[in-house]
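# A look at the structure
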Amino acid sequence: MSAYPDSERRLPSRAYDVAVIGGGIFGLFCALTLADAGKSVVVIDRGPVWSEASAVNAGSLGVQNKLPALVPYTLWSWEIWETLAERLGADIGLRRDGGYKIAMTEAEAERLDAVSMQQKALGLDVRRLTQADLRRTAPWISSDCVAATYSPQDGYANPTLVGPALRRAVERSGVEILDDTAVEEIRSGDRLGVVTRRGEIQASKIAITSGAWSGRLAAMVGVRLPISLDVNMVSVTESARPTIENIVTHARGILTLKQVANGSCLIGGGWQGIGTLENQRKEVSYDQLVHNLRLALRVIPGLERLNVVRSWAGYEGVTPDSLPYLGLLPGHRNIYCAACARGGFTLGPLMGQLLGELISHGETSKPIDIFNPGRFAHVAA
Amino acid sequence: MSRPVVIIGAGPAGLSCAWELASAGREVVLIDDNGMAGGQYFRQLPETYQVSRDARLLRDKARFDELAKVLTLPGVRYLSSTVVWGAPGNKTVAYAGPTSSGRIEASAIVIATGAQEKSLPFPGWTLPGIISAGGCLNLAKAHGMVPTGRVVVAGNGPLVLVAAATLIAAGAEVVGVVEAQSDIRLASAAVSGLFAAPGVLRTGIGYRARIMAARAGFRTGWMVAGARGKDRLTAVGIAPVGADGRPRRDKQQWIEADALVVGYGLLPGTETARLFGCRTEHNPALNGLVPWRDDTLRTSEEGIYAIGDGAGIGGVEVALLEGRIAAHSIMGTRAPASLASRYRRLDGYRRKLNLAYRMPQPLLAATDDTIICRCEELTLGRLLADPGRGRNSLNAVKTSSRLGMGRCQGRNCLHVASSLLGLATDDLTTHPRARPPLKPLAVGLLAADKDAGSAMEPDEITLSE
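Residues numbered from 1 in each chain as written. Chains lettered and ligands numbered in written order. Predicted model: local features only at pLDDT ≥ 70, side-chain atom pairs only at ≥ 80, totals over all residues.

## Quick word on the overall build of chain B
Formally: Numbering goes from the N terminus for both helices and strands, where a helix is a DSSP run of H or I of at least four residues and a strand is a run of E of at least two. Using C-alpha atoms as the atom set, the radius of gyration is obtained and then compared with a globule rule of 2.2 Å times the number of residues to the power 0.38. Here exposure depends only on C-beta density: within 10 Å of a residue's C-beta, 20 or more other C-beta atoms make it buried, 12 or fewer make it exposed, and intermediate numbers make it partly exposed, the C-beta atoms being placed from the backbone. By the convention adopted here, residues make contact when the C-beta atoms placed from their backbones lie within 7 Å.
Along chain B, the regular secondary structure elements total 13 helices and 23 strands. In summary, chain B has a C-alpha radius of gyration of 23 Å against a globular reference of 23 Å for 465 residues, a match within 12%. Referenced to the eigenvectors of the C-alpha coordinate spread, the extents of chain B come out at roughly 70 × 65 × 45 Å. The buried share among the 465 residues of chain B stands at 52%. Here the contacts in chain B between residues at least 6 apart in sequence split such that 67% fall between residues at least 24 apart.

Given below as structure tokens:
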């Protein structure tokens, strides 16, 4: 029936210590941490692992574009990123050559100042630049840009390199990965079970790391986990002479732009495409794509003649306060969740690792109270 | 104001469709990404060129000049150097070009975007001095340029004869012509009357006679196996085609050459049809995808038609007829009976011609260190080792290897990669999706879209809690 012979393979009949549902960046790092702690782990994914938000995001590892509450976590996650290539034994396209956050109006400049003060207080290395500074260090940014901050701590990794390398490492550590295995039901209680279209999987604990889909899985065990859906668009250009040396973000968070190793420029910023989880279609919104490109052009006029080769859209789950969920599901003692950080690619390694620590040791190396998945349980729907 | 019919592509099919519609008083917008109308077949020398009216290269100029008069008819708006890059709505096209970028809501859309060449990677195929048959014909037609030195023409299909004969006529030194199909199959096709289309067999024989007269070696049942050279091509390796569609390297021979022209067949370009949501199907004779069409040449989508070589390889005469037939379908009028019967006859010949040249196995000549995806510089060995292969999905291989993610967006590599990797070519669920922009297009041209709806800026993340 299915086109993939692999997905018709019989399910292993053994029971696992932990079943991880969702093989994106949260799930794979969680699985890796659990395997390192000696747990037997299975990762279950409705499609191939690493095919949704983790794979199709634009790869920014930004520190300047995170919520203040997430700044320490961003820096901790960067510690994992810094050594990841070595740990995985593969090139992941990691770069940390800093980034500019720009303002095009006076109001945005004021905003930039306020936020950068806050960020400095939290320990970020952020410098306010004058227009003259900017002309000198980044002449490719438009002279219409009225203000900017610079942080040497912004960077980038290539999601299409990270995914396969991470998958190999996870498999090497003994974790079983089940692609194309949609979950139909979760049996809670003392004897946990994950019912999939290929049969039931037994596990002592379950980790829900399913990004935007996490709300549906939590609902299977009676937990309301509010998640709204963003459909973020990204465009990529053909290769060009290396010019844009740093990642570029915007005071109001509506632009991300970078030039990657092969010379392509990636243009995003959370402009919305069209799609729902139900219809499984993520379409580009032509209108918003045009506005995204207009903004990019205003900020970097040199893009004018560079060809766009492809635009696409990807899902991102967003919580009501834009902070991730991480912890035990309310009312359960063996079902956990980690999902939906604004900036999940940057934070994913840490979030996955913290969930792995929590599941294997019952405690985490960093505080996770503000991420409690039960924090909206009593808010009316 | 009534909505116009939008025709994408001003080659033979598009021009002929525009004629039929405009002469019946219908409003037409004809959009073409080339600077000059005519498509590949009618490609002309620029008017600024001073040339003697050389008979051969300008052979169809008179017919083109007649056809191109449609561009001056009232009711016809012609946008040249303009790319249709997207499908922003039901029967709406997004276009971008040097004079304007915007959207057009159409009463019907006619996709007449033509074919693309199949690539056949072989060791050394990226050396300077090797060009495609279509590219070679374009240079000859549009600029009067032909390769210098000793030229070998190799491939599979009628384009091999056309390219070789055109080069000889233009004065090139063609030293060898190598057709992969065996003479036995070609001859039996001819004998059984399959080629008895008006002129087709005669034209073919004429081309072959010209090649023979030029004393170029002509081989059938052989194919390119490799190319040698340091900074540029110096020799072409050819070998008999094995039963598995691969060259029999034990019998490989080398021909000293300065240029190699390769033409291993044409494939309809289906990206435009797929972006508009049209269903495609696998065509066994072409071993590739074609848009599904009904008898009226309508696709699976209401009001969207596909004609010419972009819908199935039939050549110029079929394309001209399909343009007229689609126009009648759009207008709801009956095409003249003679048109329909002529089309049936030519369409039958087209199928037979495609089948006569069809190889029993897809031709493959790459070795492990041959680059398959030129944009991302991926070799066959690298792709064979890719974990995405295990899922029997071209899209999975693309995602994990970056196959087809460069400038050509897979136009040159995805088709041959699926054969080389043994992936299903007919399971469309495993193919990468067509995405906007349909062709690489400058940020400035996209941003200039005058008909874009209003901006809805992304929600700001609340940066102060």
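On we go.
## With respect to the confidence of the model for chain A
Applicable threshold: What pLDDT expresses is the predictor's confidence in each residue, scored from 0 to 100.
Per-residue confidence for chain A averages 93 on the pLDDT scale, and 97% of its residues sit at or above 70. Here residues 1–5 of chain A is modelled with pLDDT under 50, and outside its nearest four sequence neighbours on either side it reaches 14 contacts, counting other chains as well.

## Re the interface of chain A and chain B
Our working definition: Each residue gets one label: Ala, Val, Leu, Ile, Met, Phe, Trp, Tyr, Cys and Pro are nonpolar, Asp, Glu, Lys and Arg are charged, and the others, such as Gly, are polar. Criterion used throughout: strands pair if DSSP finds at least two bridges between them.
Listed per partner, the contact involves 44 residues of chain A and 40 residues of chain B. Those elements giving two or more residues to the side of chain A that touches chain B turn out to be helix H6 (159–172), helix H8 (286–299) and strand E16 (307–318) of chain A. Looking at the side of chain A that touches chain B element by element, the count peaks at 9 residues for H8(A). Tallied by class, residues from the side of chain A that touches chain B come to 23 nonpolar, 12 polar and 9 charged. The pairing of E16(A) with strand E23 (residues 441–442) of chain B spans 2 bridges and is classified as antiparallel. Bridge pairing in E23(B) places A:Asn307 opposite B:Ala442.

## A word on the environment of B:Arg342
Along the chain, the position of B:Arg342 falls in helix H9 (residues 337–357). Sequence separation between B:Arg342 and B:Leu321 is 21 residues, and the spatial gap between their C-alpha atoms is 8.3 Å.

## Notes on the packing of helix H8 (residues 315–331) of chain B against H9(B)
Residue and element names in this part refer to chain B. Rule in force here: In this analysis an axis means a line fitted to C-alpha atoms, helices contributing only their contacting stretch, and an angle means the value between N-to-C directions, from 0 to 180 degrees. Handedness of a crossing is defined here by the sense of rotation of the near helix relative to the far one, left-handed for an anticlockwise turn of less than a right angle and right-handed for a clockwise turn.
For the pair H8 and H9, interaxial distance at closest approach is 10 Å and the crossing angle is 140°. In terms of crossing hand, the pair formed by H8 and H9 is left-handed. Two secondary-structure elements touch here, H8 through Gly315, Glu317, Val318, Leu321, Arg324 and Ile325 and H9 through Leu339, Arg342, Tyr343, Leu346, Asp347 and Arg350.

## Quick look at H6(A)
The cut-off we apply is this: By this rule, a helix spans an expected 1.5 Å times one less than how many residues it contains.
In this model, H6(A) (14 residues) spans 20 Å end to end at C-alpha, consistent with the 20 Å of a helix rising 1.5 Å per residue. The set of residues buried in H6(A) consists of A:Pro159, A:Leu161, A:Val162, A:Gly163, A:Pro164, A:Leu166, A:Arg167 and A:Val170. On its buried face, H6(A) is in contact with helix H1 (25–36), helix H2 (53–56), helix H3 (71–88), strand E8 (176–178) and helix H9 (344–361) of chain A together with helix H11 (394–401) of chain B.

## Considerations on the packing of H1(A) against H6(A)
All names here are of chain A. For clarity, the threshold we go by: Each angle gets one of four labels, with under 35 degrees taken as roughly parallel, over 145 as roughly antiparallel, 65 to 115 as roughly perpendicular, and the rest as oblique.
It is at 9 Å that the axes of H1 and H6 come closest, and there the two elements cross at 30°. Taken together, H1 and H6 sit at an angle that is classed as roughly parallel. Here H1 and H6 pass one another in a crossing that is left-handed. Within the contact between the two elements, H1 uses Leu28, Ala31 and Leu32 and H6 uses Leu166, Arg167, Ala169 and Val170.

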